[in-house]
Amino acid sequence: MGESDRATKAAPGGSLLDELIGEQPTLIMFDEIARYLRAADAVPTATGRGTLADQTIAFLMPLLEFAASRQGVVVVLTLADPTDVFGQESEALLRQLSEASRITARSERVLPPTLKEETPAIGAHRLFRSIDRAAAREAADAYLAF
């Protein structure tokens, strides 16, 4: 993001993605994005004609287009359940991105919500080819000791 983008709180252009990522395999994850959109909705842009939330949503379109055009780029959005505290924002985001779904439909995978107990195992399975359980236990023990 350029200095002027930060000052105006405007969505950066798609060329920034090409500059930052290019053809590198990349995972871009927005975990519980609706939570951040709620806070960003209170931040006006420099022009006063919208909010940081509006610009974030405006940025998601070129981001999804970019990811759809690259073999090794994946964008993951996790959303709150409609009955959750941020459910309204999640539903609004889905409505606003409905046009983007036409762009990404060929590669979109909608996964059902998981139970809290399942989340670590699912994350590990999706992010890593294999996990050295002994090394993971050693790292966890060191973390807990710290």
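Reading the values: rules and limits
Sequence order as written defines the numbering, with residues in each chain counted from 1. Reporting of local features is limited, given that this is a predicted model, to residues whose pLDDT is at least 70; pairs of side-chain atoms are given and counted only at 80 or more, and all residues count toward the totals for whole chains, interfaces and linings. Hydrogens and waters are ignored; side-chain quantities use all the structure's heavy atoms. Put simply, DSSP H or I for four residues or longer makes a helix, DSSP E for two residues or longer makes a strand, and each gets a number counted from the N terminus. Working rule for contacts: check all heavy atoms of both residues, and any pair within 4.5 Å makes them a contact. Axis lines are fitted to C-alpha atoms, over the contacting stretch for helices. Their N-to-C directions set the angle, which ranges from 0 to 180 degrees. Any angle that is under 35 degrees is reported as roughly parallel, and any over 145 degrees as roughly antiparallel; angles of 65 to 115 degrees are reported as roughly perpendicular and all others as oblique. Residues are grouped as follows: Ala, Val, Leu, Ile, Met, Phe, Trp, Tyr, Cys and Pro are nonpolar; Asp, Glu, Lys and Arg are charged; every other residue, Gly included, is polar. A 1.4 Å probe rolled over the protein chains alone gives each residue an accessible area, and that area as a share of the maximum for its type sets the label: buried under 20%, exposed over 50%, partly exposed in between. The nonpolar core is taken to be a set of buried Ala, Val, Leu, Ile, Met, Phe, Trp, Tyr and Cys residues, with the residues joined through side-chain atoms within 4.5 Å.

Colleague: Just checking my understanding: could you explain the overall build of the protein for this structure?
Modeller: Within the protein one finds eight helices and two strands. Listing every helix and strand of the protein by position from the N terminus yields α-α-β-α-α-β-α-α-α-α. Sequence-distant contacts in the protein: of pairs separated by 6 or more residues, those separated by 24 or more amount to 66%.

Colleague: It is not clear to me how the packing of helix H3 (residues 33–40) against helix H4 (residues 52–69) should be interpreted in this structure. Could you clarify?
Modeller: In helix packing, the relevant descriptors are the interaxial angle and the interaxial distance, both defined with respect to the helix axes. Look at H3 against H4: their axes get within 7 Å of each other, and the N-to-C directions meet at 135°. For the element pair H3 / H4, the angle class is oblique. Between H3, through Ile 33, Leu 37 and Ala 40, and H4, the contact on the second element is made entirely by Leu 52, Ala 53, Thr 56, Ile 57 and Leu 60. Grouping the constituent residues of the contact of H3 with H4 by class yields seven nonpolar, one polar and no charged.

Colleague: Got a minute to help me understand the side chain of Arg 70 in this structure?
Modeller: Along the chain, Arg 70 falls in the loop between H4 and strand S2 (73–77). Since its relative accessible area comes to 16%, Arg 70 is described here as buried. Discounting residues that sit within four places of it in the chain, Arg 70 has contacts with Asp 18, Gly 22 and Glu 23.

Colleague: Please explain the nonpolar core as it appears in this structure.
Modeller: Where a protein is soluble and globular, its nonpolar side chains tend to be buried together. With 18 residues, the main nonpolar core has Leu 63 and Leu 93 as its most contacted residues. By residue number, the principal contributor to this core is H4, which donates eight residues. When sequence neighbours within four positions are dropped, the list of residues in contact with Leu 93 reads Ile 33, Leu 37, Ile 57, Leu 60 and Leu 79.

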